[in-house]
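Here are the chains, one letter per residue:
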Amino acid sequence: MSKLLSSSALTLVILAAPAIAEVEVSLYLGAQSVQESDVSGVINRSIDWEGRSDESPPYYGGRITWWQPSGWGWGIELTHTKAYASDEDLAALGFSSLEFSDGHNILTVNVHRRWEGIWANGKITPYVLAGVGVAIPHVDATPIGDTSTFGYQLTGPAVRLGAGAQYALNDRWGLFAEYQFTYSDNDVDLDSGGSFDTEIVTNAINVGVSYSF
């Protein structure tokens, strides 16, 4: 799937290049939560995931957007979300760790729509975005007394939705705030044997800075 996404992104670059009016690079931090989800496989339990976006490693993200004169655009975005099983769940499962803590990384190809400068005398631009892609989490899972699983895995498809507004500091720089939702279906392999599947849903409020050229 990752090869297909890369090929699709390259094709879009080639097709869109003659009409590109603006390229925008955006970086953000934020506060992120994770919804409770059912886990099936070698683990069978509803897990109360925690986001812990205020702890290291931080929650963050970045994207590149190719804007068209029409107000439509497309982009590539990577978000370093996080998910930790609660201490109560770890005790019930007999695990010393069960987390996606060096990133439950969500990589998507996005479609964007903005309404440039319609608020605050041309200073504020609202926008929406939607994307599809893959989840690439760093899996850290250790059953007590058994083999640890520690590393990146390509675990399944992902979807992203977002809406926000950007304030123009000048013709190049802007500040923005947005809401983002991500969903992913994750099939995780364990080095101790077997696998488990779970859906990870995050909600986040992001603040960041953008540069256009």
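Above this note sits the structure.
Computed from a predicted model, the values in this text were never measured in an experiment. The residue numbering used here restarts from 1 in each chain and proceeds along that chain's sequence as written. Predicted model: local features are reported for residues with pLDDT of at least 70 only, side-chain atom pairs are reported and counted for 80 or more only, and whole-chain, interface and lining totals are derived from all residues. Excluding hydrogens and water, the side-chain values take into account all heavy atoms of the structure.

Colleague: Can you walk me through the environment of Gly73 in this structure?
Modeller: Per the convention used, a helix needs a DSSP run of H or I reaching at least four residues, while a strand needs a run of E reaching at least two, with both numbered from the N terminus. By the secondary structure assignment, Gly73 is in strand β6 (residues 72–85). Sequence separation between Gly73 and Arg114 is 41 residues; the distance between their C-alpha atoms is 8.3 Å. Residues are treated as being in contact if the distance between any of their heavy atoms lies within 4.5 Å. Ignoring sequence-local partners within four residues, the contact set of Gly73 consists of Trp66, Trp67, Gln68, Asn110, Val111 and His112.

Colleague: How should the pattern of salt bridges be read in this particular structure?
Modeller: Oppositely charged side chains can pair when the atoms bearing their charge come close. Should a side-chain nitrogen of Lys or Arg be within 4 Å of a carboxyl oxygen of Asp or Glu, the pair is scored as a salt bridge. Enumeration according to the criterion identifies seven salt bridges in this entry. Across the salt bridge formed by Glu22 and Arg114, the nearest N and O atoms sit 2.7 Å from each other. Taken together, the positions of Glu22 in strand β1 (residues 22–34) and Arg114 in strand β7 (residues 95–114) put the pair 92 residues apart, joining distant regions of the chain. Arg114 matches Glu22 in its accessibility class, with the two residues each being buried. Residues Arg63 and Glu77 are paired through a salt bridge, measuring 3.2 Å at the closest nitrogen-oxygen approach. Within this pair, whereas Arg63 is found in strand β5 (residues 60–67), its partner Glu77 is found in strand β6, the two being separated by 14 residues in sequence. The class for Arg63 is buried, based on a relative accessible area of 6%. Each of Arg63, Glu77, Arg160 and Glu178 takes part in one network of salt bridges that share partners. The buried label applies to any residue whose accessible area, calculated with a 1.4 Å probe on protein chains only, is under 20% of its type's maximum; exposed applies above 50%, and partly exposed to all values in between.

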